[in-house]
Amino acid sequence: MSNFKIFKDYLKNVSFLTEKDCSLFEPYLKTKNCKAKDYFLGEGKICQEIGFVNKGCFRTYYLADGKEINTHFTFENEFVTDYDSFLQQKPSKYFIQALEDTEIVTFNLSALQNAYNQSHNWERFGRIISEQSYKLTTQRVESFLFLDGEQRYLDLLKNQSHIFDRIPLYHIASYLGLERESLSRLRKKIAHQ
């Protein structure tokens with residue numbers, strides 16, 4: 001199977017992208033493999049590419065007083081990047097680390113801009129990706145503004161339960177803004193309800 005097949009199949013599910021659109025982009029694609037604990041991006045580095053995850057998962061985090069704070073997890077058929085750093089070509093405030101052995105299909109900003117210039121369908125695709133990024137960021141911010149730790153946990157359990165199968169609890173606790181022990185108590189409390 002071509003390393004690009006999963007990505008092309010994903011793109012073909014975007015109803016308005018044609019085979020010609022996909023063929024236009026393929027020469028710019030590269031496949032990368034990352035081992036568990038390898039970094040896709042380091043703090044202070046400029047994010048040079050977007051990766052489409054064929055296999056594996058990543059976490060995005062930052063350091064606050066030496067403590068790792070997880071902000072996002074990325075799985076198969078999702079895009080891994082620091083979108084702000086990528087678009088503005090400015091240093092990232094985040095680390096993006098593989099939590100499992102991964103395979104990703106990558107492309108850089110000039111490839112994306114070239115696709116935008118050659119196809120209105122790619123421009124539309126870029127807008128949709130931007131809207132999804134905005135939506136995820138807004139949901140994340142609002143979860144901390146309007147929900148307490150227990151509500152964030154229940155929301156994660158309801159809407160993204162697969163995370164609990166693949167992500168260590170200490171990373172999930174950080175993502176939820178909880179201490180590991182607090183998450184353990186919360187899980188026990190809810191299990192007994």
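Right above here is the structure, for reference.
Colleague: Account for the overall build of the chain, with residues named and values stated.
Modeller: Per the secondary structure count, the chain includes nine helices and eight strands. In terms of C-alpha radius of gyration, the chain reaches 18 Å, essentially the compact-globule figure of 16 Å for 193 residues. Counting only residues that meet the buried cut, the chain has 42% of its 193 residues in that class. Element-wise, carbon and sulfur atoms account for 50% of the exposed surface of the chain, whose accessible area totals about 11100 Å². Across the chain, 26 positive and 25 negative side-chain charges occur, with their mean positions spaced 2 Å apart.

Colleague: A description of the environment of Gly-56 should follow, citing residues and the corresponding values.
Modeller: The topology assignment puts Gly-56 in the loop between strand E3 (49-55) and strand E4 (58-64). You can call Gly-56 buried: its relative accessible area is 1%. Distance from Gly-56 to Asp-101, taken between C-alpha atoms, is 5.8 Å for residues 45 residues apart in sequence. The contacts of Gly-56, once residues within four sequence positions are left out, are Thr-74, Phe-75, Glu-76, Glu-100, Asp-101, Thr-102 and Arg-166.

Colleague: Describe the pairing of E3, with residues and values.
Modeller: Of all seven residues in E3, six are buried, a share of seventy percent or more. With six bridges connecting them, E3 and strand E8 (residues 102-108) associate as antiparallel partners. When the bridges of E8 are listed, Ile-50 appears paired with Phe-107.

Colleague: Describe the sheet that holds strand E7 (residues 95-98), and please don't skip the residues or the numbers.
Modeller: The four strands are arranged E2-E7-E4-E5 in an open sheet whose pairing can be described as antiparallel. Strands with a single pairing partner mark the edges of an open sheet, and in this sheet they are strand E2 (39-41) and strand E5 (67-74). Strand after strand, the sheet turns through a mean of 30° between neighbouring axes, direction not considered. Helix H8 (residues 169-176) contacts E4 and E5 of the sheet and is inclined by roughly 95° relative to E5.

Colleague: Describe the sheet that holds strand E1 (residues 30-34), with residues and values.
Modeller: Strand order in the open sheet made by the four strands is E1-E8-E3-E6, with antiparallel pairing throughout. Because the sheet does not close on itself, it has two edges, and the strands there are E1 and strand E6 (79-80). Pairing geometry for E3 and E6, over two bridges, is antiparallel. Within E6, the position partnered with Phe-52 by the bridge is Phe-79. Where helix H1 (residues 5-12) meets the sheet, it contacts E3, E6 and E8, and its direction lies at approximately 100° from that of E3.

Reading guide: rules and limits
- Residues numbered from 1 in each chain as written.
- Predicted model: local features only at pLDDT ≥ 70, side-chain atom pairs only at ≥ 80, totals over all residues.
- Heavy atoms only, no water.
- Helix = DSSP H or I, 4+ residues; strand = E, 2+ residues; numbered from the N terminus.
- Rg over C-alpha atoms; globule rule 2.2 N^0.38 Å.
- Buried < 20%, exposed > 50% of the residue type's maximum accessible area, 1.4 Å probe, protein only.
- Areas by Shrake-Rupley, 256 points an atom, 1.4 Å probe, with all protein chains shown as cover.
- Lys, Arg positive; Asp, Glu negative; His and termini not counted.
- Charge placed at Lys NZ, Arg CZ, Asp CG, Glu CD.
- Contact = heavy atoms within 4.5 Å.
- Pairing = 2+ DSSP bridges.
- Axes fitted to C-alpha atoms, helices over the stretch in contact; angles between N-to-C directions.

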